[in-house]
Each structure stands twice: as structure tokens, then as C-alpha cells.
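Listed below, chain by chain, are the residues.
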Amino acid sequence: MSSRPESATTAADGPARSARPALIWTALALVYLLWGSTYLGIRVAVESLPPLTSAAMRFAAAAVVLALVLRLRRGPGALRVPARRLGSAALVGVLLLAGGNGLVVLAESGPPGGAVPSGVAALLVATVPLLVVVLRTAGGDRPRAWTFAGVALGFVGLVLLVLPRDGVDGVPLVGALIVVAGAVSWSVGSFLSGRIRMPADPFVATVYEMVAGAVALAVVAAARGELADFSPAEVTTRSWVALVYLMVAGSLVAFTAYVWLLAHAPLSLVSTYAYVNPAVAVALGALLVAEPVTAQVLLGGAVIVTGVAVVVSTERPRRTAPAAVDGTARETAER
């Protein structure tokens, strides 16, 4: 799942340090393609890996690598943060990674006929910016009228996407609801991260978020019996490769490119990942694993993406750009 949808809906373009357009578009391409491809990566990984166990392994490994890089580059105190901020990062990590990403992984690993296709999962997760607007409104914020129009349009698309259609084209309802629950958890984590005291450095915050998310996922996986039944020898090479891809491409490379973009490109441009990623996910699922792209998926997905585009393009924050950049970066590592 990835994503920094809240910043897309709460942060305005602030001054960005100049960078060559070629570098900006290269970084954008990485975010577009790598984060968009993680939904397919999840589907392949859970073919023979226990779902929550695979997610826990992914974030634990990414946290170790990122922590080692920070330690080598910045010295022994690189990961030192006050206990209160450490607790805040852990809470956000559980909401984003264990709740948000973990539920998506579960939905994509469902039984034959009940699993949510990776492209559809990406479209459902695309509602996160819409849910964040709802949370902001409940918290006393007053988004623009066009923002509410985009939210309404996006939810119409959600209904169109999951609406049963003679039992043929409908998305598996239970799986879709699990993804939506994950999107709600991700939205709450995104909402809170901008309102509680987090570690100041987004990379340090990400380490603790991934550690907390990995621990929570491992605990739930053990409670579900995944660890007792897990046999590495039974995992296919295809699933191991997908897991490594998720660790490196999704949680490290794309995240680094995203944080760099926050400092060098207009946020309105960076935020376009929120509606490009679903299109990439649907296309890859259809091309590489023959996921069906029905008229219902195309219509519902197009309406959702249009609603998200309206929200992202019309929202302007009430916070300063530096604060928005900091809050945004903290929430992205999870996809």
C-alpha cells in the first residue's frame, strides 16, 4: 500500500530545491512503477508464503537495512529518539503496516474465487485520500466544496466497483471489505501522524514504524497458526523473488525516491502517484498474470481515480510546507 495520501490532500506546494527535470521524472517513474507493482508482488508472494508472515518478513528486513544505512552514515546516535515519539511512531506503524498493508495482503491471499485481484486491491486502496478528507472533516477541518465533490465521486466509484452484477463481474465482497478496512486503518494512521509528536527525521520514523508493524504482523500471524505451519522448503522461488522485490523495490528504493521528490519537486506533481499507481497495478495484473479487467472494474476504477484526482488537485493545506513534507515522508514506507 503504500502511500502518502494525506499529504496529497493537506499539503500545498512549497518551495522545492531546484533539480534537473530528468532526475525528477526518473524519481517519479520509480514511484509510479515500483509502488504500482507492489500489489502484484504481494499476490505472487502469497502464492506459497503465509500472508501475514510474508508481510512481517518484508518490513522487518527493510527496517534492518534502513537502520544499518542510517547507523553507518550518521553514527551511533542516528536512531535515538525520545520515548514518547518512539511510541507515536510505533502506533502509526501498526495502523499503516499491520492494519493497512496486512489486511490488503490477507485480501489478496484469499481462497480461489474469493481473493481480490491485485489491480482491484489497488483501486480500493486509492480511496485512502478520500477517507482522510472524511477524517479531517470529522476533526473540525473544512475542506473546499470541490474536495467534497471529489470524495463523493470516489465513493460512487467504490460502490460501482464492488456492486454485485448477476454474480459474474462483481468483486469478491468479503475480500473487498477487508481491503476497505485496511484503507480505513491506513487513513487513520495517516491522519494521526500529522497530529501527534513523531520523530523529526522521516527515515528514522520509518525504521520504527516498520519494526512495530513487523512485530504486530508476526504476533497476529502466530495467533492465526501461520508460523506453526510455515515451511520455508515449501515456498516457491517465484514467491521468494516477489518477497525480495517487495523489500527492496517497494520499501527501500521507491521510498527513497519519494522522500527525495518531496524536497525537489512540487507536491502537486509528487501527489500524482495517488492516482497513477492504481492504473499501473491494473495494467500489470492484466498483462503479467491475466487478471480479468471487466467493464465493471474499468468503470468503477475510472470513477475512483477521477475522484482522487479532483481531491488531490483542489486541496491546499493549512500547514507549512516543511511540516507537510516531514509528515508525508513518515507515512510512505509501507506500500
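As shown above, the structure is provided for reference.
What this report covers is the structure whose coordinates are included nearby.

The rules we used
- Throughout, residues of each chain are indexed from 1 in the direction in which the sequence is written.
- Where totals are concerned, whole chains, interfaces and linings use all residues; where local detail is concerned, this predicted model gives features only for residues with pLDDT of at least 70, and gives and counts side-chain atom pairs only at 80 or more.
- As a rule here, side-chain values come from all non-hydrogen atoms in the structure, and water together with hydrogens is ignored.
- Axis definition: a line fitted to C-alpha atoms, limited for helices to the stretch in contact. Angles are taken between N-to-C directions and run from 0 to 180 degrees.
- Under the DSSP-based scheme used, a helix requires at least four consecutive residues in state H or I and a strand at least two consecutive residues in state E, with every element numbered from the N terminus.
- In this scheme, roughly parallel covers angles under 35 degrees and roughly antiparallel covers those over 145, while 65 to 115 is roughly perpendicular and the rest are oblique.
- By definition, any crossing whose near helix is turned counterclockwise from its far helix by less than a right angle is left-handed, and any crossing with a clockwise turn is right-handed.
- We call two residues in contact when some of their heavy atoms are within 4.5 Å.
- In this classification, Asp, Glu, Lys and Arg are treated as charged, Ala, Val, Leu, Ile, Met, Phe, Trp, Tyr, Cys and Pro as nonpolar, and every other residue, Gly included, as polar.
- One less than the number of residues in a helix, times 1.5 Å, gives the span that helix is expected to have.
- Each residue is assigned to one of three classes by its accessible area relative to the maximum for its type, calculated with a 1.4 Å probe on protein chains only: buried under 20%, partly exposed between the two thresholds, exposed over 50%.
- Points on a 1 Å grid over protein atoms alone make up a cavity when a 1.4 Å probe fits among them but cannot get out, and a pocket when they form an open set with protein on both sides within 12 Å along at least five of seven lines; lining residues each have an atom within 4 Å of a point.
- Grid points are joined across faces, edges and corners, and a volume is the space filled by probe spheres set on the points.
- Working definition: a ring pair exists when centres of Phe, Tyr or Trp rings (six-membered ring for Trp) sit within 6.5 Å. Plane angles under 30 degrees give stacked, over 60 give edge-to-face, the rest tilted.

## A few points about the packing of helix H7 (residues 145–162) against helix H14 (residues 295–314)
What describes two packed helices is the angle between their axes and the distance between those same axes.
Next, step 1: Contact pair H7 / H14: the axes reach a minimum separation of 7 Å and the direction vectors enclose 165 degrees. For the element pair H7 / H14, the angle class is roughly antiparallel. As H7 runs across H14, the sense of the crossing is left-handed. On H14, the residues that touch Trp146, Thr147, Gly150, Val151, Leu153, Gly154, Val156, Gly157, Leu158, Leu160, Leu161 and Val162 of H7 are Gln296, Val297, Leu299, Gly300, Gly301, Val303, Ile304, Thr306, Gly307, Val310, Val311 and Thr314.
Next, step 2: By residue class, the composition of the contact of H7 with H14 is 14 nonpolar, ten polar and no charged.

## Here we look at helix H8 (residues 173–193)
Next, step 1: For H8, with 21 residues, the first-to-last C-alpha span of 30 Å sits near the 30 Å given by 1.5 Å per residue.
Next, step 2: For H8, the full list of buried residues reads Gly175, Ala176, Val179, Gly182, Ala183, Ser185, Trp186, Ser187, Gly189, Ser190, Phe191 and Ser193.

## Examining the environment of Ala200
Next, step 1: Mapped onto the elements, Ala200 comes out in the loop between H8 and helix H9 (202–223).
Next, step 2: C-alpha of Ala200 to C-alpha of Arg85: the two residues are 115 residues apart in sequence and 8.8 Å apart in space.

## What to know about empty space enclosed by the protein
Next, step 1: The full count for this structure, using the stated rule, is four cavities of 30 Å³ or more.
Next, step 2: Roughly 50 Å³ of volume is contained in the second largest cavity.
Next, step 3: Residue lining of the second largest cavity: Ile42, Ala45, Val46, Ser54, Ala55, Arg58, Phe59, Asn101, Val105, Leu243 and Leu246, and that is the complete set.
Next, step 4: Breaking the lining of the second largest cavity down by element, the ones donating at least two residues are helix H2 (21–45), helix H3 (51–74), helix H4 (83–108) and helix H11 (237–264).
Next, step 5: With four residues, the top contributor of residues to the lining of the second largest cavity is H3.
Next, step 6: Residue classes in the lining of the second largest cavity are distributed as eight nonpolar, two polar and one charged.

## So, the packing of H2 against helix H5 (residues 118–125)
Next, step 1: Where H2 meets H5, the closest approach of the two axes is 8 Å, and the angle between their N-to-C directions is 130 degrees. Judged on the interaxial angle alone, H5 and H2 are oblique. Handedness of the H2/H5 crossing: right-handed. Across from Tyr39, Leu40 and Arg43 in H2, the residues of H5 making contact are Ser118, Ala121, Ala122 and Val125.
Next, step 2: The residue inventory of the contact of H2 with H5, partitioned by class, reads five nonpolar, one polar and one charged.

## Looking at the packing of aromatic side chains
What characterises a pair of aromatic rings is the spacing of the ring centres plus the angle enclosed by the ring planes.
Next, step 1: The full count for this structure, using the stated rule, is four aromatic pairs.
Next, step 2: Here Trp35 and Tyr258 contribute two aromatic rings whose centre-to-centre distance is 5.3 Å and whose plane-to-plane angle is 45 degrees, an arrangement assigned as tilted. Pair noted here: Trp35 is in helix H2 and Tyr258 is in helix H11, with a separation of 223 residues, a long-range link.
Next, step 3: Overall, the relative accessible area of 1% leaves Tyr258 in the buried class.
Next, step 4: Plain terms: the ring middles of Tyr258 and Tyr273 are 5.5 Å apart, the flat faces sit at 80 degrees to each other, and that makes the pair edge-to-face. Of this pair, Tyr258 sits in helix H11 while Tyr273 sits in helix H13 (residues 273–289); the two residues are 15 residues apart in sequence, bridging distant segments of the chain. Of the two residues, Tyr258 and Tyr273, both sit in the buried class.

## What to know about the environment of Ala181
Next, step 1: Of note, Ala181 is situated in helix H8.
Next, step 2: Assessed through its relative accessible area of 37%, Ala181 is described here as partly exposed.
Next, step 3: In sequence terms Ala181 and Leu103 are 78 residues apart; their C-alpha atoms lie 7.3 Å from each other.

What is shown is where atoms sit, not what they do.
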